[in-house]
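Okay, here's what each chain looks like letter by letter:
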Amino acid sequence: MTKTSWIVRGVTLGLIALGILLMGVPFPGRGRTVSWAVVWDASASMGEPDGPVSRWARARSAWKKVQSRNQQIPHYLLGLDWEKADDLTLDTVRPIKPGCSGRVLMQALGSNPPDAVLLFSDGKWSDNADGLGVPLFVVGVGSEETAADLAVESIQSPPVAFSGAPATVSARLIARGPVRTASVSLFVGGRRVDGRVVEVSDGAAPVSFQWTPAREGGVSGEIRIDPAAGETRLGNNIRRFVVDVQRDRVRTLYISGRPGAHTNFLRAQLKNDPAVELVSFVVLRDPEDALGYGDRDLSLIPFPTSQELVAQLPTFSAVILEDWTALRFALGTSFMGALEEWVRRGGGVLFVEDPPSPLPLSPWMGESTVSGPERFTLIANDGSHPLLSLGDAKENRWDRMGVLEGSGFFPEKLKPGARILATEPGGRPVLAELSLDRGRSLGLANRTSWRWAMEGGRRGEGPGDYQRFWENVIRWLASSPGAGTVRMDRPTGVLSAGETVLLTVHVPVKGRPSLRLYARALGGSRVSVPIRAGDRPGRYVGSFTPPAPGPYEFSVWVEKSEADHFWGDISSGWDEQIDLRPDPARLADRARTSGGEFVSAADFNRWVWSRWNRQMRKNVSTSSLSTLFLLPGLIALVAEWVWRRRRGLV
């Protein structure tokens, strides 16, 4: 090879080597333009102070330092919905949206997303922007400085109250910054009912109000805190509640022929239940005690005559008879006849006995009993039955109930039409129901249900399961809404406007009745809710999306009669109003996992913006700088080979 050939080949190989080394490096000024979208977190937290200005103003100032009039970049305002915005008018925007959603951001970008997203936010998002599909470059705003702020953190109100009977509403207040006292008021139906000044120097304080509903139906109320000096965050100073006000409490007659733990626990439960108006008579001796006095003379209060009970019976909605016989209490056939007529017209009676006996109207039949265990755990035959439902349908709480103790004797036979609801593990009946025309009868062959309350306390959960069971019994006996064979589950958690509420309806497994499901805003008209078959027989599901916040009534109807209903409060959306501290760590993680970067507003400048643009141009460039060297090198290599061939050097 000649000297010229060596020089040509060296230059050629050098060009090829440079081309290989520069693969992936974009050609300066070449390739398509990088497309950006600028997204502005417009949730209410962006209006919080960030030094002398708001977070929103801080974000706008950071953008103005880098923006170019020649850049045609689309802008979006993001909350629980999104809208396109004009950069020239963003200075006049007030960030008041109830939340900020990553899912909504994905919807806003659509099927033809930009190459990258520039986001201005404080990190108080209701969900993550996972799976965005494009790099997310984030400018974080917000400081940790604590300004004066008062908030109603939580509120507890009874789901059901009664017209003319006092009801209690409680709340927990929290304070941040230089705040020592809070002026708090209760408003019901838009009218101030009560108010007081509460000491909050320790950062939190409870407060309770009592009010007396004057009318039936759904009643909406609020607990409000007056703004503190210098307070700018006012959205969390108010929390709403809604109460289903009913006309009458369940007037219940409870007669017990024997003192003991069962009577003491049940009597206390009924007395403390705001839905129950209790009239009770308890004999203060065991039947085996030999005293020269009749049972009627040994009750806690003077026992009424048979004629008095017959006259008062129509005023009761439920009757509980425990270890009781008409003979012991000198109640003749007139009372028993009146009791049967009262039940058949729609009343509900419960017989509590151990060992059981075939009392008139009870589900048990015959004098004979069968022996079984003296200690056992109750087995619920149908956890969805109104009597046996203890809350979350996904969790069988009956497996957690305490062990019962008894005489070891159980009913051998049931009357025609009676239905077993619960048994001991061997299948012997303990709880059964019997329909009598329009009324209902219930038999419980045990007197140790109080053990359920003790077991809940031992687990640290309290007597909630015991209380729920007896609330179910009273509602079922009184035929209250939700106590029938068709009922609705009450949704748990926060219900928000614009988000779908699932309404689950339980019906008897035998066939589907003519169901109609409705939703109604307070003061509005009923809206029909579509209903479909659920995931198992006897379960149906309706879907409703509340268009606006406020109290809503949900009801299910069978034919032309209401079977169940409840009131729920629909919030304005995700509640970001309690803790509004910025979350830069969350923003940095979202940016990193998407392929972007995070900087604070103080560090965002033209150099950072230029670097991000160069980084994205590298990603979207259609030609590489290696082409400038690799292609000439290959051409030179071929030309050199052709030249040597013609010279006869190959």
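Our subject is the structure that appears above.
Residues numbered from 1 in each chain as written. Predicted model: local features only at pLDDT ≥ 70, side-chain atom pairs only at ≥ 80, totals over all residues. Heavy atoms only, no water.

A. Structural view of the overall build of the chain. Summing up its helical and strand segments, the chain has 11 helices and 37 strands in all. Per-residue burial for the chain yields a buried fraction of 45% across its 650 residues. Here the analysis covers contacts within the chain between residues at least 6 apart in sequence; of these, 70% occur between residues at least 24 apart. Counting only carbon and sulfur atoms, one obtains 52% of the accessible surface of the chain, whose full area is about 31600 Å². (Helix = DSSP H or I, 4+ residues; strand = E, 2+ residues; numbered from the N terminus. Buried < 20%, exposed > 50% of the residue type's maximum accessible area, 1.4 Å probe, protein only. Contact = heavy atoms within 4.5 Å. Areas by Shrake-Rupley, 256 points an atom, 1.4 Å probe, with all protein chains shown as cover.)

B. Structural view of the nonpolar core. Ranked by size, the top nonpolar core spans 33 residues in total, and within it Leu350 and Leu442 carry the most contacts. Here this core takes 7 residues from helix H8 (residues 464-477), the largest share from any one element. Sequence-distant contacts of Leu442, that is, excluding residues within four places in its chain, are made with Val349, Leu350, Phe351, Pro363, Leu387, Leu421, Leu431, Ala432, Glu433, Val473, Trp476 and Leu477. (Core = buried A, V, L, I, M, F, W, Y, C linked by side-chain atoms within 4.5 Å.)

C. Local environment of the packing of aromatic side chains. Enumeration according to the criterion identifies 22 aromatic pairs in this entry. For the pair Trp398 and Phe469, a centre-to-centre distance of 6.0 Å together with 90° between the ring planes defines the contact as edge-to-face. A residue pair is termed long-range when its members are at least 10 positions apart, and Trp398 in the loop between strand S22 (379-380) and strand S23 (404-405) and Phe469 in helix H8 qualify at 71 residues. For Trp398, a relative accessible area of 4% puts it in the buried group. The exposure class assigned to Phe469 is buried, which follows from its relative accessible area of 1%. Taken together, the ring pairs connect Trp36, Trp40, Trp56, Trp63, Phe120, Phe137, Phe604, Trp609 and Trp612 into an aromatic cluster. The ring centre of Phe316 lies 4.4 Å from the NZ or CZ of Arg251, which sits over that ring. In this structure, Arg440 is placed above the aromatic ring of Trp476, and the distance from its NZ or CZ to the ring centre is 4.6 Å. (Phe/Tyr/Trp six-rings, centres within 6.5 Å; stacked < 30°, edge-to-face > 60°. Lys NZ or Arg CZ within 6 Å of the ring centre and 35° of its normal.)

D. Representation of helix H4 (residues 261-272) within the structure. The end-to-end C-alpha distance of H4 is 16 Å, a good match for the 16 Å that 12 residues give at a rise of 1.5 Å each. Each element contacted by the buried residues of H4 is listed here: strand S16 (250-256), strand S17 (276-282), strand S18 (318-322), strand S19 (348-352), helix H7 (450-458) and H8. (Expected span 1.5 Å × (residues − 1).)

E. Structural context of the packing of H4 against H7. For the pair H4 and H7, interaxial distance at closest approach is 9 Å and the crossing angle is 75°. It follows from the interaxial angle that H4 and H7 lie roughly perpendicular. Residues Ala261, His262 and Phe265 of H4 touch H7, and the partners they reach there are Trp450, Ala453 and Met454. When grouped by side-chain class, the residues that make up the contact of H4 with H7 number 5 nonpolar, 1 polar and no charged. (Axes fitted to C-alpha atoms, helices over the stretch in contact; angles between N-to-C directions. Parallel < 35°, antiparallel > 145°, perpendicular 65-115°, else oblique. Nonpolar A, V, L, I, M, F, W, Y, C, P; charged D, E, K, R; others polar.)

F. Seen up close, the sheet that holds S17. Taken together, the 8 strands give an open sheet; going across it, the order is S17-S16-S18-S19-S27-S26-S25-S22, and neighbouring strands pair in mixed fashion. The open sheet has two edge strands, S17 and S22, and neither has a second partner. By the bridge criterion, 5 bridges tie S16 to S18 in an arrangement that is parallel. When the sheet's bridge partners are listed, Ser256 is paired in S18 with Glu322. (Pairing = 2+ DSSP bridges.)

G. Layout of the pattern of salt bridges. Enumeration according to the criterion identifies 25 salt bridges in this entry. Measuring nitrogen to oxygen at the nearest pair gives 3.1 Å for the salt bridge that ties Arg240 to Asp569. Taken together, the residues Arg240 in strand S15 (residues 238-246) and Asp569 in strand S36 (residues 561-571) connect sequence positions 329 residues apart. Judged by its relative accessible area of 22%, Asp569 falls in the partly exposed class. In this structure, a network of salt bridges that share partners links the residues Arg60, Lys64, Asp87 and Asp91. (Salt bridge = Lys/Arg side-chain N within 4 Å of Asp/Glu carboxyl O.)

H. Fine view of a nonpolar patch on the surface. Judged by side-chain polarity, Val638, Trp641 and Val642 come together as a nonpolar surface patch covering roughly 260 Å² of accessible area. Looking at where Trp641 falls in the secondary structure, it is placed in helix H11 (residues 627-646). (Patch = residues over 30% accessible without salt bridge, like charges linked within 9 Å, V, L, I, M, F, W, Y side chains within 5 Å.)

I. Molecular detail of the environment of Val188. Relative to the helices and strands, Val188 resides in strand S11 (residues 181-188). For Val188 and Ser220, which are 32 residues apart along the polypeptide, the C-alpha to C-alpha distance reads 6.1 Å. In this view, Val188 contacts Val193, Trp211, Val219, Ser220, Gly221 and Phe241; residues no more than four positions away in its chain are not counted.

J. Quick look at the sheet that holds strand S28 (residues 487-488). Taken together, 4 strands build an open sheet; the order of strands is S28-S30-S34-S33 and the sheet is antiparallel. Two strands close off the open sheet at either side, each with one partner strand: S28 and strand S33 (531-533). The sheet contact formed by strand S30 (residues 501-506) and strand S34 (residues 539-544) spans 6 bridges and is antiparallel. Residue pairing across strands places Leu502 opposite Ser543, the latter belonging to S34.

K. Representation of helix H6 (residues 333-344). In a regular helix each residue adds 1.5 Å, so 12 residues correspond to 16 Å; H6 covers 16 Å between its end C-alpha atoms and thus fits that length. Taken together, the buried positions of H6 are Phe335, Met336, Ala338, Leu339, Trp342 and Val343. Viewed along the axis of H6, the buried residues span an arc of 160°, placing them on a single side of the element. Positive phi appears at Gly346, one or two residues downstream of H6, with a value of about 130°. (Arc of directions from axis to C-beta.)

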